[in-house]
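The primary structure of each chain is shown beneath.
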Amino acid sequence: MSDEIIVIISEGERTEKQIIENIESHFFSHEGLKSLTFLSFKTNIYALWRALKKDNFDTDIIEVMRERDEEAARILTGINRRSISEVYLFFDYDGHAHPIQHEVETIINEMIDNFNNETENGKIYISYPMVEAIKHLRKNDNTFKDRCILAKQNIHYKHLVSQNTDFTNLTILSLSDWNYIMINNIMKANYMLNGDYQVPDYDLYRMQIYQSSLLQCQIEKYIKLTKQVAVLSGFPFFLIDYFGKSIYDNCTTAVPICSDLPVIISNKNIIE
């Protein structure tokens, strides 16, 4: 299996690549794990949707990338579709980027419906509002559960995050940093869906927290009511989906950086 390839397709070139390279170094560098191949679509999810909608999503996303981008074609040289075992897409909600505002959630929902299996069309993960949500955290911060921003206005989010983060350099995120990022996003998702800012049992997590449920929660509890989205990163949910219970137990039994976080653990087995 080690010669099979995981393709990562993202919206941007720089920040997403830094995150993926850091993920690869910490989680995929062990012997026997598959290699990650990074491709940038170089524009937003709405442009990707338009490109795929023309063919009713019948076109293979890998071939779309190969045909539309010279850099992607170069990277994919010598790689055939059969050698690609999984495809993951990381895109931003970026609600202000589509000219027809009431279509935004419909488009995101359609993308999640069509990209729901990594071994077939691919599996998509959405960051709300943008990729920088991954670092919209401070290390002694128990207010992440309430962190929201306007959904469909350009509030210069990148600058806002740069003034409110302790994770300025994504190339040097440590495993401890990832534990903190994952546990905050897990608790935030549980709070959004159930009103409880705590770590749910893993089985409950698997039943309730996934990309379509998070989108519907964003629509019903945030966008419709307050015209905001709850800040949430897609990358922690990818890691948990990929590595399963072992990484879930690791991050939720690690000592939180902020000791005031109300972490409630159901599984006490710490995995070394």
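What counts, and at which threshold
- The residue numbering used here restarts from 1 in each chain and proceeds along that chain's sequence as written.
- Under the rules for a predicted model, residues below a pLDDT of 70 receive no local features and side-chain atom pairs below 80 are neither given nor counted, while totals for whole chains, interfaces and linings still include all residues.
- Hydrogens are left out, water is left out, and the side-chain values use all remaining heavy atoms of the structure.
- We count a salt bridge whenever a side-chain nitrogen from Lys or Arg sits within 4 Å of a carboxyl oxygen from Asp or Glu.
- A run of DSSP states H or I qualifies as a helix once it reaches four residues; a run of E qualifies as a strand once it reaches two. Both are numbered from the N-terminal end.
- Accessible area is worked out with a 1.4 Å probe on protein chains only. A residue is then buried under 20% of its type maximum, exposed over 50%, and partly exposed in between.
- By convention, a stacked pair of Phe, Tyr or Trp rings (six-membered ring in the case of Trp) has centres within 6.5 Å and planes under 30 degrees apart, an edge-to-face pair has planes over 60 apart, and any other such pair is tilted.
- Consider the ring centre and the ring normal. A charge sits over the ring if Lys NZ or Arg CZ is within 6 Å of that centre and within 35 degrees of that normal.

**Student:** Explanation requested: the pattern of salt bridges in the structure shown.
**Tutor:** If charged atoms from side chains of opposite charge come close, those side chains can pair. A complete count under the given rule lists 12 salt bridges for this structure. Measuring nitrogen to oxygen at the nearest pair gives 3.2 Å for the salt bridge that ties E63 to R66. Linking E63 with R66, this pair stays in helix α3 (residues 61–68), spanning three residues, or about one helical turn. E63 gets classed as partly exposed once you look at its relative accessible area, which sits at 25%. A cluster of three or more residues bridged by salt bridges with shared partners is formed by K123, R206 and D241.

**Student:** Could you clarify how one ought to interpret the packing of aromatic side chains in this entry?
**Tutor:** Pairs of aromatic rings are described using the distance from one ring centre to the other and the angle between the two planes. Inspection of the entire model under this criterion finds 22 aromatic pairs. Between Y88 and Y125, the aromatic rings sit 6.4 Å apart at their centres with planes inclined by 35 degrees, giving tilted as the arrangement. Linking Y88 in strand β3 (residues 84–92) with Y125 in strand β5 (residues 122–127), this pair joins segments that are 37 residues apart in sequence. Owing to a relative accessible area of 1%, Y125 belongs among the buried residues under this scheme. These aromatic residues form a ring-pair network of at least three members: F27, F28, Y88, F90, Y125, W178, F235, F238, Y242 and F243. The aromatic ring of F41 is capped on one face by R68, whose charged end is 4.0 Å from the ring centroid. Here the guanidinium or amino end of K188 rests over the ring plane of F144, the centre of that ring lying 4.2 Å away.

So, to be careful, I would describe these as geometric facts and stop short of saying anything about function.
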